[in-house]
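Letter by letter, the chains look like this.
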Amino acid sequence: MADRPDSTAAPPAPVLESRVDATSPRFEANMRFLADLVSQVRNEEEKIREGGGARAIESQHGKNRLTARERIQLLSDPGSFFELGAYAAFGMYEEWGGAPAAGVITGLARIQTRMVMIIANDATVKAGAFFPMTSKKVIRAQNIAIENRIPTVYLVDSAGVFLPLQEDVFPDTDDFGRVFRNNAVMSAMGIPQIAAIMGMCVAGGGYLPVMCDHVLMTDGSGLFLAGPALVQAAIGQKYSAEELGGAAMHAAISGTVDFREATDEACIQRIRGIVDKWGYRRQSPWDRRKPIEPALAAEEIYGIYDSSPARPYDTKEILARIVDASRFDEYKPEYGKTLVCGYARIGGFAVGIVANQKLHAQQTDHEGHKRLEFGGVIYTESAEKAARFIMDCNQNLIPLVFFHDVNGFMVGRDAEWSGIIKAGAKMVNAVSNSVVPKITVIIGGSFGAGHYAMCGKAYDPRFVFAWPTARYAVMSGDSAAGTLVEIKLRTLERGGKKLSEEEKKDLFESVKRTYDEQTDPRYGAARLWIDKIIDPIETREAITAALEAAALNPDVPEFKVGVLQT
């Protein structure tokens, strides 16, 4: 990344001025609401970090092994671990006792100041066995590493596939075998990989460490395609685990491991020593200068954000508390006002921002008629503006950050006559073919085709972050419940049954409750649609970490958009 000296700096961008009244009852109510929501998420994450619980942790210590989180704490530079996917499998596999964090811990960290991806099996959760979401979480971490060229460290301590669910772990492209395929691809791409076997590593899982660049193993660990019981059952031979695949055997006889270490602590110090000797690759072209903190307090975001459709908020007030020095060069500010586009810096990195504006706005059409445009809705003009802006950022090598609070595209006769589908297609095309790093932050609703145009998960953002206030679905809970209930009522009426108003209300509430549960960001994070649920006041830090990761990849493909509808 290019750190340009301040002497070459252009004139500073305008400062975003705040008009927030921090003493208003509305501001204070918003503060309390969001603070309570963030507290709830923090408490849930603390519970997730307990893994399999106190007894399982005690069992791990009884084997003279550290837990996965203790290993990560020793391995990482202090305070540098940025966990991803903590909510994976949240609320899932309850019939099997649950799988906190999907039994594997992943995240970005610094080792000897170098950024790495850490993937660590949590042996306190079903002996580190792979559930379906475990495979998907490991693969998601590997895909992040591949796209951003992040060196990866695996801390292996796993009993292999969770056999009762093997049909959902074994055969598909996003299942267990893809992990080893990714090992090979990452190695061929020159992405360094270190694997430390610090417990069991059995069956097909044995391929993961051996396909890495460096293999370490601690005494008392086991590495074998088949354990002692299976070997005896299959071919009648009887050997101890140590004879079959212990650290001493693999260090002295098979030659499979590069370093044999007596303890977890010694193994971790060896990893840090290896990383310390790595050379440096080409740096990326993304421009970065010394970061400047926003001029306005991040804590005020709590009071500014309002989820109520009746009380729209100004998205620029949010941006003012995220971007460097609260400075923002807004692009076409008088046109397509329901999308805010512009240039800023976050953590010193130059970025292009595309954000849904929640304030309603007056717009004049081509015939001189004025109309009111609803905040959070993408109109023809705003889609065209965003498409052009996204192409400009690609042309000039500026990473993109998308802030979602979108109801969708405008509908109706006037919208259709204005070419809303054509304009939306331009925006989707530009997002789809964008070659600069894209980072998505879902702060409120992210509904329907608006989710796609704003760089939803299907459009390959490098990272997807969400506030606890995020909502993620085809349409809002009220709209979906109204539609589904109407269909249900018509079906009942055709069968000769009519519901009372009270029954209709109960049906609506039941449908809405189910739908709202599925739009909750924790539901999406459990299924890895979201990489991390973040505290709104940590948005700047999350984006900066993502940009630092993206900066490890210096390769930028040629930008092409193909056929654009005009």
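Computed from a prediction, not measured in an experiment: that's the story for all the values here. (Residues numbered from 1 in each chain as written. Predicted model: local features only at pLDDT ≥ 70, side-chain atom pairs only at ≥ 80, totals over all residues. Heavy atoms only, no water.)

**With respect to the pairing of strand S12 (residues 339–346)**
Note the following rule: Accessibility here uses a 1.4 Å probe with only protein chains present; expressed as a share of the type maximum, an area under 20% marks a residue as buried, one over 50% as exposed, and anything in between as partly exposed. Where helices and strands are cited, they refer to DSSP runs of H or I of at least four residues and of E of at least two residues respectively, numbered from the N terminus. Paired strands are those between which DSSP finds at least two bridges.
Of all 8 residues that make up S12, 7 are buried, and the element is covered over most of its length. The pairing of strand S11 (residues 329–331) with S12 spans 3 bridges and is antiparallel. Paired with Asp 329 across the two strands is Tyr 343, which belongs to S12. Note that S12 and strand S13 (residues 349–356) share 8 bridges and pair antiparallel. Residue pairing for S13: Leu 339 is matched across the bridge by Asn 356. Count of turn residues in the S12/S13 antiparallel hairpin: 2 residues, of which Gly 347 carries a positive phi of about 60 degrees.

**A closer look at the packing of aromatic side chains**
Put simply, the test is: Two aromatic rings, drawn from Phe, Tyr or Trp (for Trp, its six-membered ring), form a pair once their centres lie within 6.5 Å of each other, and the interplanar angle then sorts them: stacked below 30 degrees, edge-to-face above 60, tilted otherwise.
Taken as a whole and assessed by the stated rule, the structure comprises 16 aromatic pairs. Where Phe 463 meets Phe 465, the ring centres are 5.9 Å apart and the plane angle is 15 degrees; that geometry is what we call stacked. Each member of the pair Phe 463 and Phe 465 is classed as buried. Between Tyr 472 and Trp 529, the aromatic rings sit 6.1 Å apart at their centres with planes inclined by 85 degrees, giving edge-to-face as the arrangement.

**Structural notes on the packing of helix H4 (residues 132–148) against helix H5 (residues 176–188)**
What counts, and what does not: Note on method: axes are straight lines fitted to C-alpha atoms, helices fitted across the in-contact stretch only, with angles between N-to-C directions ranging 0 to 180 degrees. Angle categories are assigned with fixed cut-offs, so that under 35 degrees is roughly parallel, over 145 is roughly antiparallel, 65 to 115 is roughly perpendicular, and the rest are oblique. A crossing counts as left-handed when the near helix is turned anticlockwise from the far one by less than a right angle, and as right-handed when that turn is clockwise. Residues count as neighbours in contact if any of their non-hydrogen atoms are within 4.5 Å of one another.
Remark: H4 packs on H5, axes separated minimally by 9 Å, with the N-to-C direction vectors making an angle of 20 degrees. Our classification of the angle between H4 and H5 gives roughly parallel. Considering how the two elements wind past one another, H4 and H5 form a crossing that is left-handed. On H5, the residues touching Ser 135, Val 138, Ile 139, Gln 142, Asn 143, Ala 145 and Ile 146 of H4 are Phe 176, Arg 178, Val 179, Asn 182, Asn 183 and Met 186.

**Structural notes on helix H13 (residues 380–395)**
For clarity, the cut-off: Under the convention used throughout, the expected extent of a helix is 1.5 Å for every residue step, that is, one less than its residue count.
Taking 1.5 Å of rise per residue, 16 residues should cover 22 Å, and H13 covers 23 Å from first to last C-alpha, within 8% of that figure. The element H13 is largely enclosed, with a buried count of 12 among its 16 residues. Just past H13, the residue Leu 397 takes up positive phi, approximately 55 degrees.

**Some details on the packing of helix H3 (residues 68–75) against helix H10 (residues 264–276)**
In plain terms, the rule: In this count, Pro and Cys sit with the nonpolar residues alongside Ala, Val, Leu, Ile, Met, Phe, Trp and Tyr, while Asp, Glu, Lys and Arg are called charged and the others, Gly among them, polar.
Where H3 contacts H10, the axes come no closer than 9 Å and their chain directions differ by 40 degrees. The angle between H3 and H10 falls in the class oblique. The handedness of the crossing between H3 and H10 comes out as right-handed. Along its contact with H3, which presents Arg 71, Leu 74 and Leu 75, the element H10 presents Asp 264, Glu 265, Ile 268, Ile 271 and Arg 272. For the contact of H3 with H10, a count of residues per class yields 4 nonpolar, no polar and 4 charged.

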